Structure formats: C-alpha cells, structure tokens
Amino acid sequence: MSTNAQLFERAQRVIPGGVNSPVRAFRAVGGTPRFISRAQGPYIFDAEGKRYIDYIGSWGPMILGHGHPEVLDAVQKAALEGFSFGAPTEREIELAEEILKLVPSMEQVRLVSSGTEAAMSAIRLARGATGRHKLIKFEGCYHGHADALLVKAGSGLATFGNPTSAGVPPEVVQHTLVLEYNNVAELEEAFQRHGADLACVMIEPIAGNMNFVRASIPFMTRLRELCTQHGALLVFDEVMTGFRVALGSAQSLYAKAIPGFAPDMSVFGKVIGGGMPLAAFGGKRAVMEKLAPLGPVYQAGTLSGNPVATACGLATLKQIQKPGFFEALSASTRTLVDGLNAAAKAAGVPFVVDCEGGMFGFFFGAALPQNYPAVMATDKERFNRFFHAMLDRGVYLAPALYEAGFVSAAHTAADIAATVEAAREAFKA
Ligand SMILES: *Cc1c(COP(=O)(O)O)cnc(C)c1O
C-alpha cells in the first residue's frame, strides 16, 4: 500500500504539480494532498485507508453523497447501453426538459461537458446575440478558465482588467471589465461609460469561489435594472449554486426577494451531472436559437450530452425533487454552521458563518465579507491551522479559505455532531 506522500511524490513526476486541477495540491494550506481511493455516502477514504467526513463533495456535485444506489443503478444501466454515440439520444431531451421545468427563466438549454465550457459558450452567445463585445465580471467570481474570463481587476475604477494567467494576451481580455462585487456605485459608473457596448454581465449570484458571499438584494436589483435599460444580458453562473442552494437554484431566491426577477441566461454544471462531466447553458429561445445549427454562433462537443453522464444527472435531479429534500438538506447545513459557530464562540475565536441549502461558508473574522478584498483580509493563518486540525480528526474541508463547503443528503446528524466535536478541539489549534 502506498502512502499519500509516496503517491504525491510519484504523481509529481508525471503530472504538473501532481494534480489535474490546482487547488487539489494543498498549496494554500500546505501539507500533503490526500489521494482518494474510494467514497461512500458522506465519507471519502484515502490511500492509507483513513476515513474523512467529506465537505467538498467533488466541489459540489455530490449532493446525494457518494454511491447513491439509484444513481449507481442508472449509471450502470446506461453504461451497458453504450458509452457515447455522437448522435442525439432521448435521454438528452429528458434532461433538458427536467432542467427547464426547474428553472423557468430558461426556454432552451444546451448540454456541454464542463462548467468552463458552458460559461465560455454563454459569453460567445451573448456577444453573438447582442452584436456587442464588452462584458462585466466581478472580482472573486470564477467562471472557469476560458481566456476572456481569466482577468483580475484593473488599477482604477471601471478600468479594463489585466490577465490573471500567463498565456492570455492582453487583447483577449481588453473587453472584460472587472468590478467589485456588491458595489452599486462602480456598477452604475461602468454602465454609464460602457452600457451601449456591453454584451453581458456574468455573475455568481452567491459567490462560491471566494468562499460564500451573497450578492445583496439592492445590488442585484440595480444590476437587473441596468442590464434591462442598456440591453446587456444578465448571465447567472449557477455552476456551483444550481440545484445546490435551492431546487430552483439561486435565481429562485432572488425571484422571491425581487418582484419579477429573472436572469437572461444561466450556466449550470456540478450538481446537474451528479459527479459525471456534464454542464449546460440556457436562456430565452430567441437568444438560444442564435446557436449553430440554427444561428451564426458556433458551439459543439464530441461528448456533449454524453449518455452515461445524462443518466447520472437525471437520476440525481430526480432524487433532489423528492418532497422535503431541500428542507432536510438545509436543516443539516444549518445545524452544522450553528454548531461550528457555537464552538468558535466557546473558544473565543472570531468567526462568522453563512449557508443556503447544501452550501456553506465560514470565515475567521468579525463580519461576513461582502467582496473579494474583505474575504482575503480574513485570518488565513488561523484558517490553515483549523483546516489541518480538522483533517487530522477525519474531517475534509476545502483546502483554501476562499472556497465554499458542501453538505450532502447522506450526512447524518451523527456525522454533523462528530464534525462539530472535532471543531471544538480544532478551534484551540
Ligand atoms: C466550478 C465552477 C465553474 C467551472 O466548472 P468546471 O466544470 O470546473 O469547468 C464555473 N463557474 C462556477 C461558478 C464554478 O463554481
């Protein structure tokens, strides 16, 4: 049996950094990444046979926990029927119908294989449909690693950004404007200057790639008004929040708070694949019909709508629609964050938490951050100590302070109590 350290050593010889996605390398928190050999329910097991209560859930998809029997059954049946055909299937229609039923702001949807691909395609479509080039994104929001979206904030207010990655030419991001999240004044100024040239605004409605930060109701209200007024499409990136914070996704929560609210386009991933590579983007028919083969905006994929992935996604969406599913999941998540909060208070540690549905965030600080700089100003050293203390005690949290956490339907009251008990000790670390 190889240890995690041995596997990491071996991995680094053949895979850059030893990982196929950077955050897995534990760079932010230090230490040796755990190599996972299997998972069941709310648990993952590493190469050394150690068990962890899993609060990452593959970064969101595993909302039912690992190895849900009905999902497993659907995947096994689909695999026997064939892995991939490169031709349309009835199951793709079923999944599209299911998604549209749950997300009434969309009239049509196209299936792709990753959130990156979905977000990238949504931007191309928004540009093609409006005939405009410019787009707004917000600092701290992640929309996958397409070139035009790998941008950090510019130096001044409402200036265009600089690439965050080598290999992205400045020309490619020259049309991408990066604003501060939840900052209405910046938004108004940007629309005033560039409104007529804006194809779209892309936003994570609850930002899960800077831990857990909600777009405020006044901010979202103003954003919707400005987009409508200037003819820019409002694109909700719900790759993380979709079917995770509520059955109707984050947009259903904003629709409750803001009369008549709906985004123009939406992007999904993670939960809709139930752990298989599957993502989607959709919107009004008039916009979606600009896509090839009907319209001039090109987009394609060899494995798009893959029959095994769609079986997994459909089986997952079926489970989360059962009566009481989200009520129970929300209650579990609430019990967890309340427990963590109480344990932190008892230890005299400055700590704040928030959650929605099966997604949560916590910060070592005095108040919930409203934007990226505030997230990054929370206590990183304390987070890292807490992370490792929890990992040692068999609780697997996201290995960076700017990541969200996820609870699944498989987490029992006993798992959550054990987590809070571990935290009571870990807060002293
Ligand atoms: C995970 C994520 C993406 C990227 O999805 P991948 O499947 O990793 O390409 C895009 N947007 C958001 C909000 C995400 O959380």
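Residues numbered from 1 in each chain as written. Predicted model: local features only at pLDDT ≥ 70, side-chain atom pairs only at ≥ 80, totals over all residues.

Q: Would you take a moment to explain the domain arrangement of the protein for this structure?
A: Reports of interface size often rely on the accessible area that becomes lost once the parts have come together. According to the domain assignment, the protein consists of domain 1 (4-67 + 323-426) and domain 2 (69-320). Its C-alpha centre places domain 1 at a distance of 25 Å from the equivalent point of domain 2. Taken residue by residue, the interface counts 27 residues in domain 1 and 29 residues in domain 2. Secondary structure elements with two or more residues in the side of domain 1 that touches domain 2: helix 10 (325-346), strand 15 (352-356), strand 16 (359-363) and helix 11 (372-376). If one sorts the elements of the side of domain 1 that touches domain 2 by residue count, strand 16 sits on top with four residues. Classifying every residue of the side of domain 1 that touches domain 2 by side-chain character gives 16 nonpolar, eight polar and three charged. (Domains from an automatic or database assignment. Contact = placed C-beta atoms within 7 Å. Helix = DSSP H or I, 4+ residues; strand = E, 2+ residues; numbered from the N terminus. Nonpolar A, V, L, I, M, F, W, Y, C, P; charged D, E, K, R; others polar.)

Q: In this structure, what is going on with the site of the ligand? I would like to understand it.
A: Taken together, 15 residues are adjacent to the ligand, and Ser-114, Gly-115, Thr-116, Val-239 and Met-240 come closest. Among the elements that take part in the shell around the ligand, helix 4 (residues 115-130) stands out by supplying three residues, more than any other. When the residues that make up the shell around the ligand are grouped by side-chain class, the tally is five nonpolar, eight polar and two charged. (Near = placed C-beta within 6 Å.)

Q: Just checking my understanding: could you explain unusual backbone geometry for this structure?
A: Most peptide bonds are trans, and most residues other than glycine sit at a negative phi. The residue after Ala-292, namely Pro-293, is reached through a cis peptide bond having omega 10°. Its location among the elements puts Pro-293 in the loop between helix 8 (285-288) and helix 9 (307-320). Located in the positive-phi region is Phe-243, a residue other than glycine, with phi close to 55°. When you line up the elements, Phe-243 lands in the loop between strand 12 (233-237) and helix 7 (249-257). In this structure Phe-243 comes out as buried when scored by C-beta crowding, with 28 C-beta atoms within 10 Å. (Buried ≥ 20, exposed ≤ 12 C-beta atoms within 10 Å, placed from the backbone.)

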